[in-house]
Structure formats: C-alpha cells, structure tokens
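# An overview of the molecular structure
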Amino acid sequence: EAQVTQNPRYLITVTGKKLTVTCSQNMNHEYMSWYRQDPGLGLRQIYYSMNVEVTDKGDVPEGYKVSRKEKRNFPLILESPSPNQTSLYFCASSFRADGSLTNEQFFGPGTRLTVL
Amino acid sequence: DQQVKQNSPSLSVQEGRISILNCDYTNSMFDYFLWYKKYPAEGPTFLISISSIKDKNEDGRFTVFLNKSAKHLSLHIVPSQPGDSAVYFCAASGPRGSTLGRLYFGRGTQLTVWP
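Before going into details, it helps to say that this report is about the structure given with it.

## With respect to the overall build of chain B
Each helix and strand counted, chain B has zero helices and 11 strands in total. Listing every helix and strand of chain B by position from the N terminus yields β-β-β-β-β-β-β-β-β-β-β. Relative to a compact globule of 115 residues, whose C-alpha radius of gyration would be 13 Å, chain B shows 14 Å and is just as compact. Judged by the C-alpha coordinates and their principal axes, chain B covers about 45 × 30 × 20 Å. Put simply, chain B has 115 residues, and 47% of those count as buried. Partitioning the contacts of chain B with sequence separation of at least 6, the portion at a separation of at least 24 is 55%.

Set out below in structure tokens:
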C-alpha cells in the first residue's frame, strides 16, 4: 500500500530535550516536505527536499533541522524544542514539488507534539 | 505574507444544499490550484485541482471554478453531505523549477454539513 508514515504519532516532551520525528514514504517520490498545522494558521511549510541531499527552507524553518540521506526518509529534528513548537506536524511526499497534474502530494497521518 | 487566502474560517450548510468555499491568491505566476480535504486525526488528502488554462473542472459532486482576472477560485459541492464535513485547504503552485514551484496553502475553511 502506497503511504507516508510518521513516528511517533503523539509525543509530549520538555523544553530543550532534542527529538526527532521520522517520516518515510514507499512511493519512490523525489519530493518530501514537512508542514505544521496550527489553529487559524493553516498548513505552513517548514522544510522541503527536492531529492536526496537537497533540502531547503520553507516558510517557518526556525528551530528545525532536516536531512535527506535516503530517498525514502526525511526526518524532522528539533534540537532544542520550545513550547511554541507545540503543533500538529505533517510529512508529505510527491514525485515533484509543484502541484501539477498527476503530481498529487500524499500526506502522512500527522504527529501531535506537545512541548512543556 | 500569505499568498493564498481563505477568508472564511468556517461554513455551515444544510445537507442537500450547495457548499461554496472560496480562495483568493495574490501571485499571478501561480498556474495550478488544488483543494485538499482534511478530517480530524488524519492527514490532508487531495480532492480536486485545476490548471490555469482552464476555468472549470468537475469531478462528481465537486467543481472548482477559476477566475484568473480576479485571482479567485471556488469549490462547489453539490449536493452537500454530512460526510463532507471537514477542513478544506486551498493550495497553489507556480512554474516547475521556479521559486514558486511548490505548494502554498491557505489557512483552511471548516465545512460543517448538518442534516
């Protein structure tokens, strides 16, 4: 089954404790992206990756890091989490970055992160 | 500054009636527009899209209209069903390979369809 998986689905942590949210896709997609969803703010892109070893900042990259060492994985790293990073995080993947025909972007189920 | 705007955070419609969700964009370089649907505790899923060379695209109960001169698109759901209750995100992208060649999302509209 074609899918994007994220782990963990739920996480409660404390300020300053480094954490990693994993994302994996099995569709051989080149493009992967991380978003956060906050009430009233919709989906905001954190980082994206056009291909292996190619990453770039989205709209809200501060406080986050990513890496793309393999095509299928795109982990999101919070080196020193803070309460303002409490949010719902989504990983997504597609063949290309743009939204053109047949290039549907698939989303993972989300990770709800709470930073105390 | 938001390039894709959904100015109505919520919409409530009776079952069987038409739901109209609106979206405005600011960048005339956007050439592809999409709607995503999101249920609670799930990731967004693709619903329908339209290229800038068209002004209408229909898929069953869902139709998207694009007015390029007004930089406005809308999603019509007819007839609305309770299962359509979800958050709907409008998204846009620009020419592939350009700085706009990725998805830009609006803030979403919560649609509630009541019996």
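From this point, the discussion proceeds with the structure in view.
## Considering the layout of surface pockets
What the largest pocket holds in volume is close to 360 Å³. Forming the walls of the largest pocket are 24 residues, and the residues nearest its centre are Q37, L88, F90 and R112 of chain A together with K38 of chain B. Of all elements in the fold, only β4 (31-38), β9 (87-94) and β11 (111-115) of chain A together with β9 (86-93) of chain B reach the threshold of two or more residues within the lining of the largest pocket. Sorting elements by how many residues they give to the lining of the largest pocket places β9 of chain A first, with three residues. Looking at the lining of the largest pocket residue by residue, the classes come out as 10 nonpolar, eight polar and six charged.

## Points about the interface of chain A and chain B
Contact with chain A, which involves 25 residues of that partner, is made by 19 residues of chain B. Interface area for chain A against chain B, summed over the two sides, is near 1800 Å², with a carbon-plus-sulfur share of 57%. Linking chain A with chain B are one salt bridge, by the criterion used here. With a shortest N-O distance of 3.0 Å, D59 of chain A and R102 of chain B are connected by a salt bridge. Between the two partners, chain A and chain B, sit three residue pairs in polar contact (both at pLDDT 80 or more). Mapped by element, the contributors of at least two residues to the side of chain A that touches chain B are β4, β5 (42-51) and β9 of chain A. The biggest single contributor to the side of chain A that touches chain B is β5 of chain A, with four residues. Among the residues forming the side of chain A that touches chain B, the class breakdown is 11 nonpolar, nine polar and five charged.

## Quick word on the environment of E1 of chain A
Within the secondary structure, E1 of chain A is located in the segment before β1 (4-7). Sequence-wise, E1 of chain A and N84 of chain A are 83 residues apart; in three dimensions their C-alpha atoms are separated by 35 Å.

## Quick notes on the sheet that holds β1 of chain A
All names here are of chain A. Pairing within the open sheet is antiparallel, and its four strands lie in the order β1-β3-β8-β7. Looking at strand neighbours, the two that pair on one side only are β1 and β7 (65-66), the edges of this open sheet. Sheet topology note: the strand β3 (residues 19-25)/strand β8 (residues 76-78) ladder contains three bridges and is antiparallel. Bridge assignment links L19 to a residue of β8, and that residue is L78.

## Quick look at the pattern of salt bridges
Opposite charge on two side chains permits pairing when their charged atoms draw close. Residues and elements named next belong to chain B. For the coordinates displayed, the defined rule picks out eight salt bridges over all chains. A salt bridge links K37 to D84; the nearest nitrogen and oxygen atoms lie 3.9 Å apart. Here K37 is found in strand β4 (residues 32-38), whereas its partner D84 is found in the loop between β8 (72-77) and β9, with 47 residues between them in sequence. Using a relative accessible area of 11% as the deciding quantity, one classes K37 as buried. Given a relative accessible area of 2%, D84 falls into the buried group.

## What about the state of the cysteines?
One pass over the full model with this rule turns up two disulfides over all chains. Across the disulfide, C23 of chain A is cross-linked to C91 of chain A (sulfur-sulfur distance 1.8 Å). Looking along the S-S bond of the C23 of chain A-C91 of chain A disulfide, the torsion reads about -75°, which is the left-handed sense. Note that C23 of chain A is positioned in strand β3 and C91 of chain A in strand β9, a separation of 68 residues in sequence. Both residues of the pair, C23 of chain A and C91 of chain A, belong to the buried class. A sulfur-sulfur distance of 2.0 Å marks the disulfide that ties C23 of chain B to C90 of chain B. The S-S bond linking C23 of chain B to C90 of chain B shows a torsion near -75°; that makes this disulfide left-handed. One end of the pair, C23 of chain B, is in strand β3 (residues 19-25); the other, C90 of chain B, is in strand β9, with 67 residues separating them in the sequence. Accessibility assignment for this pair places C23 of chain B and C90 of chain B in one class, buried.

What counts and how
- Residues numbered from 1 in each chain as written.
- Chains lettered and ligands numbered in written order.
- Predicted model: local features only at pLDDT ≥ 70, side-chain atom pairs only at ≥ 80, totals over all residues.
- Heavy atoms only, no water.
- Helix = DSSP H or I, 4+ residues; strand = E, 2+ residues; numbered from the N terminus.
- Rg over C-alpha atoms; globule rule 2.2 N^0.38 Å.
- Buried < 20%, exposed > 50% of the residue type's maximum accessible area, 1.4 Å probe, protein only.
- Contact = heavy atoms within 4.5 Å.
- 1 Å grid on protein atoms, 1.4 Å probe; cavity = no way out; pocket = protein on both sides within 12 Å on 5 of 7 lines; lining within 4 Å.
- Points joined across faces, edges and corners; volume = space filled by probe spheres on them.
- Nonpolar A, V, L, I, M, F, W, Y, C, P; charged D, E, K, R; others polar.
- Buried area = accessible area lost by both parts, 1.4 Å probe.
- Salt bridge = Lys/Arg side-chain N within 4 Å of Asp/Glu carboxyl O.
- Polar contact = N/O pair within 3.5 Å; in protein donor to acceptor, adjacent residues only side chain to side chain.
- Pairing = 2+ DSSP bridges.
- Disulfide = S-S within 2.5 Å.

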